[in-house]
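Here's the letter readout for the chains.
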Amino acid sequence: MEIHKYSFYLILFIISLSSCRDRNVTGSDAFWASLKQFSITDFEESEIPKIVGINNAKVELCDSKGVTNGRQSLKIQLQKDAPSTGIEIVPPKPFDISSFKDVSMVFEATNTGTTSIHLIANVHNSKGGSALRSVSIPPGETNSVFFQMEGEYMREGDMRDYPDPWSTNSLQMKIRGGWNKTTFDDVTAIYLYAVKILSDKELILDNFRFVETPAVSDDYLVAWVDKYGQNAKVDFDGKITSDEQLKQKAREELEMLAREGSMKGRTKFGGWAAGPKLEATGYFRTEKVNGVWSLVDPEGYLFFSSGVANCRMANSSTFTGRDFKNNASLLRDPDDVTPEDSKGMIRLGQEITNSSFVAFPERYKMFIELPAYDDALANNYTYRQEHFLSPFIRGEAYSFYQANLERKYGENTPGEHLSKWADVTLDRFKNWGFTSFGNWADTVFYHNEKLPYFANGWIIGDKLKEVHSGGIFGGVLPDFFDPEFEKRAEITVKAIAEEVKDNPWCIGVFIDNEKNWGIAGTVENQYGIVLNTLLEDVRQSPAKAHFAQMLKNRYTTIQALNKAWQTDFKTWEIFDQGIDIRAREEYHEALVQDLSACLTAYAKKYFQVVHDALEKVLPNHLYLGCRFASWGFVPEVNMAAAEYLDVFSMNYYEEGVGDKFWQFLEEMDTPAIIGEFHMGTSNGTGMVNGGLVHAASRQDRAHMYKNYLNSVIDHPYFVGAHWFQYTDSPLTGRAFDGENFNIGFVSNTDIPYPEMVEAAKDVHSNLYERRYGSWSSK
């Protein structure tokens, strides 16, 4: 069987290379060729150009074999499990492109393998600016790729990406992470790389150049969203064209779910029915069995949490471009314990909608049809006021997803379509083999006793004092030594406890999300929280007061501290008022040790306060931490967390779980869970961005999903992984931050992606046997 499979891939590969030789692979160059160009390198010299550097990769010149223009290309062997692997192009003096109005970087890329390559590019200028993009290079193909560095069509972050601005056959590199508009008069460095890939891969690159791009048409973004929230200018499999079609698909799916039912071999709570029976406590717990960490369900069966996060209406709305003059009643309560992006829909009364006006005409014109305020679907309007990347921070929003549910299931009684949505979601997940929800499940699922879930909360409040970690995203965190933080923590966990009501179907609790603790590496990035807090006055900063007392206890005299730190502070009073020790040429060992101790104390305070608050009101449920971000955590915080967490959680957006990055779990010896991961594609979906990890196609996305989840199942420290998220993002960006990603198991018309459904069934049907081997109930 395996021989036939690999023979099939080999045949495909040979055919693809052959077709590349026969066709004009720079056919997309028919578009680029007539435009003003600046050549970066074409690899036609006898040696690799000196401007090309190597990063955890092997490179060599190779025969282009007619696949691209010219005789030679650059072949790159990308290494698996490396933090990053690729090349860099750094000229001795900046490339001058100041004469270009709008500019793209263009190159050819050949993927010689049988799996896609998620290629990332980072371009820098002499003013410290940069732009980050990524693209999936399909297996066995040669494509032209363009990286739009600046252009008139690129707006100020109302969406994370935009439709392709021109009709070409090229692959567009998509915005990666946050929106960052940068002007490029020159380029000082170009970095191209893959990150933490699961297997070695080979990539051939050629013909790097800068190209002055033409203007886009005036109607580029006009009327590109239809009444269902779909891309009106692109056709794709599964696109909805009528209400009746939507209802018919619903009838067909309901019949299938009733016929097939739930996946077999599961216990009441979703555990392994054929596995060993351990101690039953009536609640979920953890246990290390035969060297493998596991969750144990309330009845004592081994349990692995495979779930889908964000099953709720929050984050399903997108700004329409309208606002209201009468919006005072919509402004949020400063004492609220729930961030706005986690809130559901806000009803808009007639006294509010009567004051509607078009605040952003260009955005409003994107939509072909929005319902009138007296239409039956007008209850899917809401109000949002916390967009943190856009030029507009508040305004009317609309949930196409919820409106499509209402079209699909009807609304004979108030909320009927949402009740049906909840029932169908449960039936889907049990049929697809999921064992739980991920984080951010709607509370409507908490007490139906059909699928385990995780509760969640945030410790927020306008009265909380803050500290700053600096670094990427300019991290702002609460001052955990502020007495107000403990008060807010107790308020939050009490609210969670009231929702959970000691329910055994609740596995545990996540508190907060993706805090920016710092970045391991340089002293400034790793200890930014402490360095920035030391700037403060002890009378204004409880954290600074705690750090100062720690240091006074250790050194007693300011002279002793100066000797250890190689500083010259005159008195402790001066130290207390605020000191700046950032950007030093050298950080002495004693100073670094003290910074580390202060950061450890700060992190311990956070996890201790939250742990203790949860222990008072939810003693039977697991504490799973704050879902670390892989870009914002450091060793001191990891070890501090290990003292208080039952399960370590991290959102990890890569191809899968490798070995090197996760070695710290062995030192902690704590079970871990993936709080978020996803893959997406703009190919065949009508969406414009594949999210944080790109796939080449819908089928490739399903393949990558299986590889990721299997890599977690095979790891002895992981007890679960949660896909983010249930639905695609709105095409025009979720109201909170403009994310418009193809990352759903279902589209914005609530149509499941069949490739993802089949992938989920395939992995889940063998989940427990794969993880726990030949164990049986005996």
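Visitor: What should I look at first to understand the overall build of the chain in this one?
Guide: For the chain, the helix and strand inventory stands at 19 helices and 33 strands. Taking 778 residues into account, the globule formula puts the C-alpha radius of gyration at 28 Å, and the chain, at 27 Å, falls close to it. Considering only residue pairs separated by 6 or more positions, the chain has 73% of its internal contacts joining residues 24 or more positions apart. Counting every atom, the chain has about 31000 Å² of accessible surface; 49% of that belongs to carbon and sulfur. On the chain, the mean spot of the 79 positive side-chain charges and the mean spot of the 107 negative ones are 2 Å from each other.

Visitor: Sorry if this is basic, but what is going on with the side chain of Thr670 here?
Guide: Within the element layout of this structure, Thr670 appears in the loop between α16 (664–668) and β32 (672–677). Excluding its chain neighbours within four sequence positions, the residues that come into contact with Thr670 are Trp293, Ala642, Asp646, Val647, Phe648, Leu665 and Tyr717.

Visitor: Would you take a moment to explain helix α8 (residues 483–500) for this structure?
Guide: Relative to the 26 Å expected for 18 residues at 1.5 Å per residue, α8 spans 26 Å between its end C-alpha atoms, a close match to the ideal helical length. Where α8 is buried, its residues contact β25 (453–457), β27 (475–478), β28 (506–511) and α14 (589–617). Lys501 lies just past α8 and shows a positive phi near 55°.

Visitor: Can you help me understand empty space enclosed by the protein in this one?
Guide: For the structure on display, the rule yields 7 cavities of 30 Å³ or more. The calculated volume of the largest cavity comes to roughly 80 Å³. Surrounding the largest cavity, His118, Ile120, Arg176, Ala194, Val195, Ile197, Tyr653, Glu654, Glu655, Leu692 and Val693 form its lining. Here the residues of the lining of the largest cavity are counted per class, giving 7 nonpolar, 1 polar and 3 charged.

Visitor: Help me understand the pattern of salt bridges in this model?
Guide: Any two side chains of opposite charge can pair, on the condition that their charged atoms come close. Inspection of every chain in the model, using the stated rule, returns 33 salt bridges. Across the pair Asp237 and Arg698 runs a salt bridge, and its minimum N-O distance is 4.0 Å. Of this pair, Asp237 sits in the loop between β15 (201–212) and α3 (243–260) while Arg698 sits in helix α17 (residues 698–713), and the two are 461 residues apart along the sequence. Judged by its relative accessible area of 58%, Asp237 falls in the exposed class. Arg698 gets classed as buried once you look at its relative accessible area, which sits at 9%.

Visitor: Explain the sheet that holds strand β9 (residues 130–137) to me, please; I cannot follow it from the model alone.
Guide: In a beta sheet, neighbouring strands pair by backbone hydrogen bonds and run either parallel or antiparallel. The 6 strands are arranged β2-β5-β14-β8-β9-β12 in an open sheet whose pairing can be described as antiparallel. With one partner strand each, in any of the chains shown, β2 (52–55) and β12 (174–175) form the two edges of the open sheet. With 2 bridges joining them, β9 and β12 adopt antiparallel strand pairing. Within β12, the residue paired with Ser134 across the bridge is Lys174.

Visitor: Would you mind going over the sheet that holds β28 with me for this structure?
Guide: Taken in spatial order, the 3 strands of this open sheet run β25-β28-β29, and their pairing is parallel. Across the chains shown, the open sheet's two edge strands, defined by having one partner strand only, are β25 and β29 (622–623). Its contacts with the sheet place α8 against β25 and β28, and it is angled at close to 150° to β25.

Visitor: Sorry, what's going on with the environment of Asn180 here?
Guide: Assignment of secondary structure puts Asn180 in the loop between β12 and β13 (186–187). Remark: the alpha-carbon pair of Asn180 and Arg160, spanning 20 residues in sequence, is separated by 9.8 Å.

Visitor: What exactly am I supposed to notice about the confidence of the model for the chain here?
Guide: The predicted coordinates ought not to be read in detail in places where the model reports low pLDDT. The predicted model of the chain averages 91 in pLDDT, with 92% of residues at 70 or higher. Throughout residues 1–28 the model reports pLDDT below 50, and contacts reaching past four residues in sequence, or to other chains, amount to 26 contacts.

Visitor: What should I look at first to understand unusual backbone geometry in this one?
Guide: When glycine is set aside, most residues are seen to have a negative phi, and most peptide bonds are trans. Along the chain, Phe724 connects to Gln725 via a cis peptide bond; the corresponding omega equals 20°. Mapped onto the elements, Gln725 comes out in the loop between β33 (718–724) and α18 (754–764). Backbone geometry places Asp502, a non-glycine residue, at a positive phi of 60°. Among the residues examined, Asp502 registers a relative accessible area of 34% and is labelled partly exposed.

Visitor: What exactly am I supposed to notice about helix α6 (residues 400–409) here?
Guide: Along an α-helix, residues three or four apart share an orientation, since each turn contains 3.6 residues. Among the 10 residues of α6, 10 are classified as buried, and the element is accordingly described as predominantly covered. For α6, the complete set of buried residues consists of Phe400, Tyr401, Gln402, Ala403, Asn404, Leu405, Glu406, Arg407, Lys408 and Tyr409. Those residues of α6 that are buried lie in contact with α3, β20 (318–319), β24 (395–398) and α7 (416–432). Gly410 sits one or two residues past α6 and shows a positive phi near 80°.

Visitor: Can you walk me through the nonpolar core in this structure?
Guide: The nonpolar side chains of a soluble globular protein tend to be buried with one another. One finds Trp517, Trp565, Phe575 and Phe607 to be the most contacted residues of the largest nonpolar core, which totals 146 residues. Here the element with the most residues in this core is α14; it accounts for 12 residues. Setting aside chain neighbours within four positions, we find Trp565 in contact with Leu534, Leu551, Tyr555, Phe575, Ile579, Ile581, Arg584, His588, Ala590, Leu591 and Asp594. Among the nonpolar cores identified, the runner-up in size contains 40 residues, and Phe43, Ile76, Ile89 and Met149 belong to it.

Visitor: Help me understand the packing of aromatic side chains, please; the structure alone is not making it clear to me.
Guide: Describing an aromatic ring pair means giving the distance of the ring centres and the angle of the ring planes. Going through the model one piece at a time under the given rule, you end up with 67 aromatic pairs. Ring plane angle 50° and centroid distance 6.0 Å describe the contact between Phe429 and Trp432, whose orientation is recorded as tilted. In this pair, Phe429 and Trp432 are both assigned in helix α7, 3 residues apart and thus about one turn of the helix distant. An identical accessibility class is assigned to Phe429 and Trp432; each is buried.

Visitor: I keep staring at the side chain of Thr567 and nothing clicks. Help me out?
Guide: Relative to the elements of secondary structure, Thr567 occurs in the loop between α12 (558–565) and α13 (572–577). Taking relative accessible area as the criterion, Thr567 reaches 17% and is therefore assigned buried. Among the polar contacts made by the side chain of Thr567, one reaches the side chain of Asn562 at a distance of 2.8 Å. Among residues more than four places away in sequence, those in contact with Thr567 are Leu561, Asn562 and Arg584.

Visitor: What exactly am I supposed to notice about the packing of α6 against α7 here?
Guide: When two helices pack together, you describe them by how their axes are tilted relative to each other and by the distance separating the axes. It is at 9 Å that the axes of α6 and α7 come closest, and there the two elements cross at 90°. In this view, α6 runs roughly perpendicular relative to α7, as classed from their interaxial angle. Residues Tyr401, Gln402, Leu405, Glu406, Lys408 and Tyr409 of α6 form the contact with α7, whose participating residues are Glu416, His417, Leu418, Lys420, Trp421, Val424 and Arg428. Classifying every residue of the contact of α6 with α7 gives 6 nonpolar, 2 polar and 5 charged.

Visitor: Before we go on, may I ask you to explain the pairing of β9 in this structure?
Guide: Consecutive residues of a regular strand have side chains that alternate between opposite faces of the sheet. Of all 8 residues making up β9, 6 are buried, and the element is well covered by its neighbours. Pairing between strand β8 (residues 117–124) and β9: 8 bridges, direction antiparallel. The partner of His118 across the bridge, within β9, is Ser136. In this antiparallel pair of consecutive strands, β8 and β9, the connection spans 5 residues, and Gly128 shows a positive phi of 85°.

What counts and how
- Residues numbered from 1 in each chain as written.
- Predicted model: local features only at pLDDT ≥ 70, side-chain atom pairs only at ≥ 80, totals over all residues.
- Heavy atoms only, no water.
- Helix = DSSP H or I, 4+ residues; strand = E, 2+ residues; numbered from the N terminus.
- Rg over C-alpha atoms; globule rule 2.2 N^0.38 Å.
- Contact = heavy atoms within 4.5 Å.
- Areas by Shrake-Rupley, 256 points an atom, 1.4 Å probe, with all protein chains shown as cover.
- Lys, Arg positive; Asp, Glu negative; His and termini not counted.
- Charge placed at Lys NZ, Arg CZ, Asp CG, Glu CD.
- Expected span 1.5 Å × (residues − 1).
- 1 Å grid on protein atoms, 1.4 Å probe; cavity = no way out; pocket = protein on both sides within 12 Å on 5 of 7 lines; lining within 4 Å.
- Points joined across faces, edges and corners; volume = space filled by probe spheres on them.
- Nonpolar A, V, L, I, M, F, W, Y, C, P; charged D, E, K, R; others polar.
- Salt bridge = Lys/Arg side-chain N within 4 Å of Asp/Glu carboxyl O.
- Buried < 20%, exposed > 50% of the residue type's maximum accessible area, 1.4 Å probe, protein only.
- Pairing = 2+ DSSP bridges.
- Axes fitted to C-alpha atoms, helices over the stretch in contact; angles between N-to-C directions.
- pLDDT = per-residue confidence, 0-100.
- Core = buried A, V, L, I, M, F, W, Y, C linked by side-chain atoms within 4.5 Å.
- Phe/Tyr/Trp six-rings, centres within 6.5 Å; stacked < 30°, edge-to-face > 60°.
- Polar contact = N/O pair within 3.5 Å; in protein donor to acceptor, adjacent residues only side chain to side chain.
- Parallel < 35°, antiparallel > 145°, perpendicular 65-115°, else oblique.

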